[in-house]
Amino acid sequence: MTSPSDPTAGSAAPTEAAVAAREKIIRAAQGALKRYRVMAYVTGVMLLVLVVEMAMKYVFKVDDDIMRYVTWIPYAHGWVYVVYLVTVVDLWSKMRWTVGRLVVMVLGGVVPVMSFLVEKRVHADAEARVAQARTV
């Protein structure tokens with residue numbers, strides 16, 4: 001029998017099923033974070049390549065003979081950005097972040113260099129939340 005002053009009174013140890021469920025959620029969050037990190041870097045690089053392509057075309061007025069070799073860049077960036085958005089929504093929903101965080105992550109694929117900065121912050125926050133979830 002436990003006394004009212006016993007700190008373990010009324011608290012039951014988590015069941016095996018609860019621990020397994022928590023670990024499954026943590027693994028899913030870690031997988032989403034890895035996919036997001038890869039796509040953040042790929043999207044950031046593709047966005048920088050797109051900026052160079054646009055500068056060649058509109059600022060330096062490079063000849064069409066050369067530009068025909070880089071006409072694929074805007075299309076490639078567009079599709080990479082779509083995949084990036086999928087990974088953003090996946091990570092955002094698993095981490096249960098605010099809509100403001102979602103907006104910042106989405107903009108990371110549109111503003112040059114921002115994806116690298118946002119990824120660093122998102123990664124640190126996600127790792128901290130996963131570490132905290134493990135200790136609960």
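Scroll up to find the structure.
About the cut-offs
Residues numbered from 1 in each chain as written. Predicted model: local features only at pLDDT ≥ 70, side-chain atom pairs only at ≥ 80, totals over all residues. Heavy atoms only, no water. Helix = DSSP H or I, 4+ residues; strand = E, 2+ residues; numbered from the N terminus. Rg over C-alpha atoms; globule rule 2.2 N^0.38 Å. Buried < 20%, exposed > 50% of the residue type's maximum accessible area, 1.4 Å probe, protein only. Contact = heavy atoms within 4.5 Å. Areas by Shrake-Rupley, 256 points an atom, 1.4 Å probe, with all protein chains shown as cover. Lys, Arg positive; Asp, Glu negative; His and termini not counted. Charge placed at Lys NZ, Arg CZ, Asp CG, Glu CD. Axes fitted to C-alpha atoms, helices over the stretch in contact; angles between N-to-C directions. Parallel < 35°, antiparallel > 145°, perpendicular 65-115°, else oblique. Phe/Tyr/Trp six-rings, centres within 6.5 Å; stacked < 30°, edge-to-face > 60°. Lys NZ or Arg CZ within 6 Å of the ring centre and 35° of its normal. Salt bridge = Lys/Arg side-chain N within 4 Å of Asp/Glu carboxyl O. Patch = residues over 30% accessible without salt bridge, like charges linked within 9 Å, V, L, I, M, F, W, Y side chains within 5 Å.

Next up on the list: the overall build of the protein. Looking only at helices and strands, the protein features 5 helices and 0 strands. Across the protein, helices and strands are ordered from the amino to the carboxyl terminus as α-α-α-α-α. Relative to the compact-globule value of 14 Å for 136 residues, the protein shows a C-alpha radius of gyration of 22 Å, a clear excess of over 25%. With respect to the principal axes defined by its C-alpha atoms, the protein has extents near 85 × 25 × 20 Å. Considering the protein as a whole, with its 136 residues, one finds that 29% of them fall into the buried category. Summarising the internal contacts of the protein: among those between residues at least 6 apart in sequence, 72% fall at separations of at least 24. About 9,100 Å² of surface is accessible on the protein, with carbon and sulfur atoms providing 69% of the total. In the protein, 16 side chains carry a positive charge and 11 a negative one; their mean positions are 5 Å apart.

So, about the packing of helix α1 (residues 16-59) against helix α5 (residues 114-135). Any two packed helices are characterised by the angle at which their axes cross and by the distance between the axes. Relative orientation of the contacting elements α1 and α5 amounts to 175°, with a least axis distance of 10 Å. Compared by their axis directions, α1 and α5 come out roughly antiparallel.

A separate point is the packing of aromatic side chains. Across all of its chains, the model carries 3 aromatic pairs by this definition. Residues Tyr41 and Phe116 carry aromatic rings whose centres are separated by 5.9 Å and whose planes lie at 40° to one another, so their mutual orientation is tilted. Taken as a pair, Tyr41 in helix α1 and Phe116 in helix α5 lie far apart in primary sequence, 75 residues in all. The exposure class of Phe116 is partly exposed, given its relative accessible area of 23%. Put simply, the rings of Tyr36, Tyr81 and Tyr84 pair up and form one aromatic cluster. For Arg101, the ring lying beneath its charged end belongs to Trp97, and the centroid distance is 4.6 Å.

Taken as a whole, this structure holds 6 salt bridges when the rule is applied. Among the salt bridges present, the one from Glu23 reaches Arg134, with a minimum N-O distance of 2.9 Å. Remark: Arg134 occurs in helix α5 and Glu23 occurs in helix α1; sequence separation between them is 111 residues. Here Lys94 and Asp90 are joined by a salt bridge, their closest N and O atoms 2.5 Å apart. Linking Lys94 with Asp90, this pair stays in helix α3 (residues 73-95), spanning 4 residues, or about one helical turn. Note on Lys94: relative accessible area 33%, which makes it partly exposed. The structure contains a network of salt bridges with shared partners spanning Arg35, Asp90 and Lys94.

The grouping of Val99, Val103, Leu107, Val110 and Val111 at the surface amounts to a nonpolar patch, some 390 Å² of accessible area in total. Assignment of secondary structure puts Leu107 in helix α4 (residues 99-107).

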